Amino acid sequence: MKVFIDGSYFSKEDAKISVFDHGLLYGDGIFEGIRIYNGKAFLLKEHIDRLFDCAKFTMLNIPYSKTEMIDLVKESIIQNDKNKISDSGYIRLLITRGSGDLGLDPAKCSKVSVIIITDKISLYPEEYYSKGISIITSSIRRNSADSCDPRAKSLNYLNNILAKMEAKNAGCLEALLLNHNGYVAECTADNIFIIKNNILMTPDVSCGALEGITRNTVIDIAVSEKIKVEQKNLTLFDIYTADECFITGSGAEIMPVTSVDKRIIKNGTPGPITLNLLDLFREFINNYNYEK
Ligand SMILES: Cc1ncc(COP(=O)(O)O)c(C=O)c1O
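What counts, and at which threshold
- Residues numbered from 1 in each chain as written.
- Predicted model: local features only at pLDDT ≥ 70, side-chain atom pairs only at ≥ 80, totals over all residues.
- Core = buried A, V, L, I, M, F, W, Y, C linked by C-beta atoms within 7 Å.
- Buried ≥ 20, exposed ≤ 12 C-beta atoms within 10 Å, placed from the backbone.
- Contact = placed C-beta atoms within 7 Å.
- Near = placed C-beta within 6 Å.
- Helix = DSSP H or I, 4+ residues; strand = E, 2+ residues; numbered from the N terminus.
- Nonpolar A, V, L, I, M, F, W, Y, C, P; charged D, E, K, R; others polar.
- Axes fitted to C-alpha atoms, helices over the stretch in contact; angles between N-to-C directions.
- Parallel < 35°, antiparallel > 145°, perpendicular 65-115°, else oblique.
- Left-handed = near helix turned anticlockwise from the far one by under 90°.
- Pairing = 2+ DSSP bridges.
- Right-handed = clockwise from strand over helix to strand, strands pointing away.

(A) Looking closely at the nonpolar core. Counting 41 residues, the largest nonpolar core has Ile-135, Cys-245 and Val-257 as its most contacted members. Setting aside residues no more than four positions away along its own chain, Ile-135 makes contact with Ala-167, Cys-172, Glu-174, Ala-175, Leu-176, Cys-187, Val-257 and Val-260. Counting residues in each nonpolar core, the second largest holds 26 residues, with Ile-30, Ile-34, Ile-85 and Val-114 among its members.

As structure tokens, then:
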């Protein structure tokens, strides 16, 4: 494995940053998780656009243009063994405030750091896609937009980690987080969708969700299939009584959810619209123009 750090490549063992990096000391940084299919980065432009939006929000000056960042990601795949990562590859792109002193002041940090890790992703077993998974609702609330807006994909994932621990304690793989008004926001690393009376619904990002790239792709696919899509406030009542439910993310793709807080969704099997969207999403991956 070769890890890019600020212009040079390092082996896994030598890929190190300072203990004074504010990304470590304060979670002062942002990141992207990009899927690799066929040895190439999927929806790379969209990920780089989101990275730059998050950089603007957090006032991190990325020392490369968007085009340069795209080229750096492509180069880091070439530097790694394409065959090993082929269809289960994953890029973790990090921008940290860099090394400073022990105070909070970002102005004391010498320079922003850019890190690109190319690795294998651990995937959900294929049978989960045909059976669906169970999730629970976490007691942890998603940050509201007037604290650190969850639309920023920052290095502060403690809320999500606490919620993930609750999920695992309950024997589940994912947990749902509500916002402070009790509306559904998203899961720890995935967006959530339901289908009711043939309408596809997902929380608006203002409810406290990351604007997932997979989420947006699924919405586009649904619209092109003439499925009505609504982005709106949803409560647990909506989730429990949905006809179908699924979560989306770069790792999970489209994962059917068949039980939420021990309420079985419809008849407890992945629904037809979910499975159709999963087929169409996988078709989209195969036909995607990786050169753009
Ligand atoms: C909190 C959160 N929500 C949703 C997602 C899904 O986003 P994407 O589809 O861009 O991977 C992620 C991805 O890591 C995430 O961390």
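(B) Here's a closer look at the site of the ligand. Residues in close proximity to the ligand total 14 residues, the closest being Gly-212, Ile-213, Thr-214, Gly-249 and Ser-250. Looking at the shell around the ligand, the elements with two or more residues in it are helix H7 (213-224) and strand S13 (244-249). Broken down by element, the residue count for the shell around the ligand peaks at three residues, all from H7. Tallied by class, residues from the shell around the ligand come to three nonpolar, eight polar and three charged.

(C) Structural view of the packing of helix H2 (residues 44-57) against helix H3 (residues 66-79). At a minimum axis distance of 10 Å, the contact between H2 and H3 shows a crossing angle of 125°. With respect to each other, H2 and H3 are oriented oblique. Considering only the axes of H2 and H3, their crossing is right-handed. For the pair H2 and H3, contact is made by Leu-44, Lys-45, Ile-48 and Phe-52 and by Lys-66, Met-69, Ile-70 and Val-73, respectively. For the contact of H2 with H3, the residue count by class is six nonpolar, no polar and two charged.

(D) Region of the structure containing the sheet that holds strand S1 (residues 2-5). Pairing is antiparallel across the open sheet formed by six strands, whose spatial order is S2-S1-S6-S5-S3-S4. Bordering the open sheet on either side are strand S2 (8-11) and strand S4 (40-41), each of which pairs with just one other strand. As paired strands, strand S3 (residues 29-37) and strand S5 (residues 89-96) are joined by eight bridges and run antiparallel to one another. Of the residues in S5, the one forming a bridge with Ile-30 is Ile-95.

(E) Representation of the pairing of strand S7 (residues 133-141) within the structure. Pairing between S7 and strand S14 (residues 253-260): three bridges, direction parallel. The residue of S14 that forms the bridge with Ile-133 is Val-257. Both S7 and strand S8 (residues 174-178) contribute to a ladder of four bridges, which runs parallel. Bridge assignment links Ile-135 to a residue of S8, and that residue is Glu-174. Remark: the S7/helix H6 (residues 158-169)/S8 crossover connection has right-handed handedness.

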